[in-house]
Structures are given as structure tokens and as C-alpha cells.
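So the chains spell out like this:
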Amino acid sequence: MITIRQGLREGVFIVLTAGLLGFVFTMVMERGLFAGPPKQPPMSVASGEVPPAMIDIAEAQSLFESGNALFVDSRHEFDFKMGHIKGSVNLPLKDYDTRRDFLTTLPKDKVLITYCDGAECNSSIDLASKLHQAGFSGVRIFFGGWSEWTSHNLPTERVAQ
Amino acid sequence: MKQILANDSLALVARTFLGFLFIVASIDKIADPVAFANSIGNYKIMSGTLLMLFATVLPWVELLCGLCLLAGILMRGSSFLLSSLLVVFTLAIISALLRGLDITCGCFTQDPDAGKVGWMKVVENTGLIFLGLFTLFSTSVKFSLQSYLARQSVKRL
């Protein structure tokens, strides 16, 4: 009991000190609380180039129906097998570096649209950035992703087990 | 049990391991509080100013606790805080897994290429909680600044 009480007392001291250091540091460095509201992590794109743009469900659907787009699923292979946007290909972000040969199979004349689960993930943004850097122009990010696509009952398919 | 809690070598190893771990974990978060706030935000537990407050203070708590454990001062407070934090982190991860959230942990790095949260993380954290509780209830103060300072003050008397 004495241990817990001592732990609490010292803990409060540490938290107060940490709070003070945290505020002073972020204020001096103009980060976090003192750098405006949270935003999406910036994409590292070479200067002068247009970064991949985000598209909404309407635009994603329209590109899907036009047949001029290829959806690239950045989720894990397991999630892809369980269900994905019809006609999409799977390139998990974590496997990007080891599957460079896969890039040669991607069409250069189509719009590549990356997606992941939805608002809870950022892998579609990072994959789009990598594809853009690899020389694919016209890459788009469908940030609503799998969740939004299925909530609109748009065409999906799954890999047969 | 008392013998284990009084074991100097075990206590030193546990303290050093936890200390290093949390110092390393805090560096990326201190350097980029916004990325850390985004990582926490992905858990969909808190948002707005509270989220930014948390992202501002928490990394420093981790850093101070890590340093205190390594130096051997305020060891009870550090162990208490780290154990409590680990319990909260683990509950957040379990909650994210149960809600089917597809997110990265944000535990040690803010790199989006880092692994996603999974049940393995829960197992790892449970081990760390036991380690934190061990350092909290450990009665060994050998190789600590605290015991060195105590010896110095006794010598002065």
C-alpha cells in the first residue's frame, strides 16, 4: 500500500514535470499544440511535381465505370482475399520494396487509384506517393476506401479459397 | 516471492530494459507530436485538443520515466506510471482490434510502414506490464542514484 502511495506521489511529480517540458518544447519548436490542428502526414514528392490527388466516392465510381482506372489495394493480402473492389490488384504497402517487379505489370495508360480500409488507415496515401515517385502519373487516392465502397454497395469480388 | 523482489540483478536488468525501451519509444513522438496525435487519433478514442494535449505530454512522461529508471531515482513513480500507461495502451489496442480498425500501433515509431496492431502486441504489452509491476514492487535499490545519494547523506551526518 505504501508502495502504491509513493508511486502515486512520485508519478504526479513526473507527470507535472513532463507536462511542463512538453509545453515548453512544443512552444519553442512550434510543434504540436502550437503548430495548428493535426493534419495528414505530408507526402514526400519531388519538388515541382503534382502530388497524387484524393478523390471521393463519386469520382471513384465514375472512373471505375469508365474502365480507364485500375484500383490498387494497399491492404494486407488476407484482407484483399476476403474481399476487394472488383478488378483491383493487391500491392500491400509493407511489401512494396520487395515487390518492385510487380510495378512492371501495372498499366501506364490507366489512372491508378490506391485505397485501403478507409479513414482508419493511411497506407493508400503512402502507396500513392511511392507509385508517383516510381514514375506513374495520374495516381489518385480513394481515401474513403473499402468501407465507403462497400457501404455504397458497389461491385466487389473475393479470391476463391 | 520476497527473494525475487529483492534480487538486485533482476531489478537492474528489468529497470535498464524498461528504461531504454521507453526512452527509445519517446524520441519519435517528441520529434513529431502531430504524427503521434494522428496515430492516437486512429484509435478513435479521443480527438481535438485533448488528443493534442495527450500527444504533447505523454512522450515526455515516457522519456522522464525511462531516464528515472535508468538512473535509479523516483523508481516507484516511474514504474507506477509506466505500468499504468501500458495497461491503458493494451486496452486501447484490444479495443481497436475488437472494432476491426486497420491501424499501425504508433508505439515506437510514427513510420506508417511499421507493423499494424495485432494480438501479438497485446502479448508483448502484457509481458511489459509484469516487468513494470516487478520494478514497482522491487525492494532492490542497488546500483541506483537513490541509494548513492542516501549513502552520501549518511556519510555527512
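A brief report on the enclosed structure follows. Residue positions are given per chain, counting from 1 as you read along its sequence in written order. Each chain gets a letter, beginning with A, and each ligand a number, beginning with 1, in the order they are written. For a predicted model such as this one, the threshold for reporting local features is a pLDDT of at least 70, and the threshold for listing and counting side-chain atom pairs is 80 or more; totals across whole chains, interfaces and linings nevertheless cover every residue.

**Points about the environment of Glu10(A)**
Consideration 1: Secondary structure is summarised from DSSP: a helix means a run of H or I of at least four residues, a strand means a run of E of at least two, and numbering begins at the N terminus for each. Mapping Glu10(A) onto the fold places it in helix α1 (residues 2-29).
Consideration 2: Whether a residue is buried, exposed or partly exposed follows from its count of other C-beta atoms within 10 Å of its own C-beta, namely 20 or more, 12 or fewer, or something in between, respectively; the C-beta atoms are built from the backbone. What makes Glu10(A) buried here is the crowd of 21 C-beta atoms within 10 Å.
Consideration 3: Contact partners of Glu10(A), with chain neighbours within four places excluded, come to Leu74(B), Arg76(B) and Gly77(B). Residue pairs are scored as contacts if the distance between their C-beta atoms, which are placed from the backbone, is within 7 Å.

**Observations concerning the pairing of strand β2 (residues 69-73) of chain A**
The side chains of a regular strand alternate, first on one face of the sheet and then on the other.
Residue and element names in this part refer to chain A.
Consideration 1: Along β2, 4 of the 5 residues are buried, which leaves the element largely enclosed by surrounding structure.
Consideration 2: Bridging between β2 and strand β5 (residues 111-115) involves 5 bridges; their strand directions are parallel. Bridge pairing in β5 links Asp73 to Tyr115.
Consideration 3: Two strands pair if DSSP finds at least two bridges between them. Here 2 bridges tie β2 to strand β4 (residues 89-90), and the two strands are oriented parallel to one another. Of the residues in β4, the one forming a bridge with Asp73 is Asn90.

**Re the nonpolar core**
Consideration 1: Of all hydrophobic cores here, the largest spans 64 residues; its most connected members are Ile14(A), Ile113(A), Val61(B), Leu64(B) and Cys65(B).
Consideration 2: In terms of residues, this core owes the most to one element, helix α4 (residues 48-71) of chain B, which gives 11 residues.
Consideration 3: Other than its neighbours up to four places away in sequence, Cys65(B) contacts Ile14(A), Phe22(B), Ser78(B), Leu81(B) and Leu82(B). Here a nonpolar core is just a set of buried residues of the types Ala, Val, Leu, Ile, Met, Phe, Trp, Tyr and Cys, joined wherever their C-beta atoms sit within 7 Å.

**Notes on the interface of chain B and chain A**
Consideration 1: With 31 residues of chain B at the contact, the number on the chain A side is 35 residues.
Consideration 2: For the side of chain B that touches chain A, the secondary-structure elements that each account for two or more residues are α3 (33-41), α4, α5 (75-98) and α6 (119-137) of chain B.
Consideration 3: Looking at which element gives the most residues to the side of chain B that touches chain A, the answer is α4(B), with 9 residues.
Consideration 4: Throughout this entry, Asp, Glu, Lys and Arg are counted as charged residues, while Ala, Val, Leu, Ile, Met, Phe, Trp, Tyr, Cys and Pro are counted as nonpolar. The remaining residues, Gly among them, count as polar. In terms of residue class, the side of chain B that touches chain A is built from 21 nonpolar, 7 polar and 3 charged.

**What to know about the environment of Thr126(B)**
Residues and elements named next belong to chain B.
Consideration 1: Mapped onto the secondary structure, Thr126 falls in helix α6.
Consideration 2: Exposure remark for Thr126: the 13 C-beta atoms within 10 Å place this residue in the partly exposed category.
Consideration 3: Along the primary structure Thr126 and Thr90 are separated by 36 residues, whereas in three dimensions their C-alpha atoms are 7.6 Å apart.

**A word on the sheet that holds strand β6 (residues 140-142) of chain A**
All names here are of chain A.
Consideration 1: Ordered in space as β1-β6-β5-β2-β4, the 5 strands form an open sheet in which the pairing is parallel. Of all strands in the sheet, those bounded by a partner on one side alone are β1 (53-55) and β4.
Consideration 2: Set on the sheet, helix α4 (residues 123-133) makes contact with β2, β5 and β6; between it and β5 the angle comes to about 150°. Only the stretch in contact is used when a helix axis is fitted, and all axes are lines through C-alpha atoms; the angle between N-to-C directions ranges over 0 to 180 degrees.

Read these as layout, nothing more, since geometry by itself doesn't imply function.
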